[in-house]
Amino acid sequence: MTRIILHEEQGPMEIKVGGESKWLCRCGLSKNQPYCDGSHKKTLDEVKGKVYRYNPDGRREEV
Ligand code: FES
C-alpha cells in the first residue's frame, strides 16, 4: 500500500526530554524519523501554493 501525505512545515519542532533538546521532523523528509536530520533545508525555496513530490533519490518535482 502506498500513501501520499502532504506536509507544509519547513522545519523541526523542539521538545525537551530530561532537559535535553530533541528536534522532531515536521517536513516528512528526514531519513531518521521521528528526528530531524536537516533534510528540511531542501524545502526552503518551495513556492507557496505549489505542491512538490520528493523522490527517494532526493530529487524534487512539482505536482
Ligand atoms: S524538519 Fe524534517 S528533516 Fe528537519
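What you see as residue numbers is a count from 1 along each chain, following the sequence as written. Residues qualify for local features only when their pLDDT is at least 70, as the model is predicted, and side-chain atom pairs are given and counted only at 80 or more; totals for whole chains, interfaces and linings, by contrast, use all residues.

### Some details on the overall build of the protein
- Helix numbers and strand numbers start at the N terminus; a helix is a DSSP run of H or I with at least 4 residues, a strand a run of E with at least 2. Tallying secondary structure elements over the protein gives zero helices and four strands in all.
- Referenced to the eigenvectors of the C-alpha coordinate spread, the extents of the protein come out at roughly 40 × 30 × 15 Å.
- Counting over 63 residues, the protein shows a buried share of 8%.
- Here the analysis covers contacts within the protein between residues at least 6 apart in sequence; of these, 12% occur between residues at least 24 apart. Buried means a residue has 20 or more other C-beta atoms within 10 Å of its own C-beta, exposed means 12 or fewer, and partly exposed covers the counts in between; C-beta atoms are placed from the backbone. Placing C-beta atoms from the backbone, we regard two residues as in contact once those atoms come within 7 Å.

### Things to note about the environment of Ile15
- Structurally, the position occupied by Ile15 is in strand β1 (residues 13-17).
- Exposure remark for Ile15: the 11 C-beta atoms within 10 Å place this residue in the exposed category.
- With 42 residues separating them along the chain, Ile15 and Asp57 place their C-alpha atoms 29 Å apart.

### With respect to unusual backbone geometry
- For the bond running from Gln33 to Pro34, omega is 5°, close enough to zero to count as cis.
- Mapped onto the fold, Pro34 is located in the loop between β2 (20-24) and β3 (52-54).

### Regarding the pairing of β2
- Should DSSP find at least two bridges between two strands, the strands are taken to pair. Bridge count for β1 against β2 is five bridges, and the pairing is antiparallel. By the bridge assignment, Glu14 is partnered in β2 with Trp23.
- With antiparallel pairing between neighbouring strands as the criterion, β1 and β2 make up a hairpin whose turn holds two residues, including Gly18 at a positive phi of roughly 60°.

### Regarding the environment of Arg60
- With respect to the helices and strands, Arg60 occurs in strand β4 (residues 60-62).
- Classification of Arg60 by C-beta neighbours within 10 Å gives partly exposed; the count is 13.
- Sequence separation between Arg60 and Thr43 is 17 residues; the distance between their C-alpha atoms is 9.2 Å.
- Once you skip the residues sitting within four places of it in the chain, Arg60 turns out to touch Lys42, Tyr52 and Tyr54.

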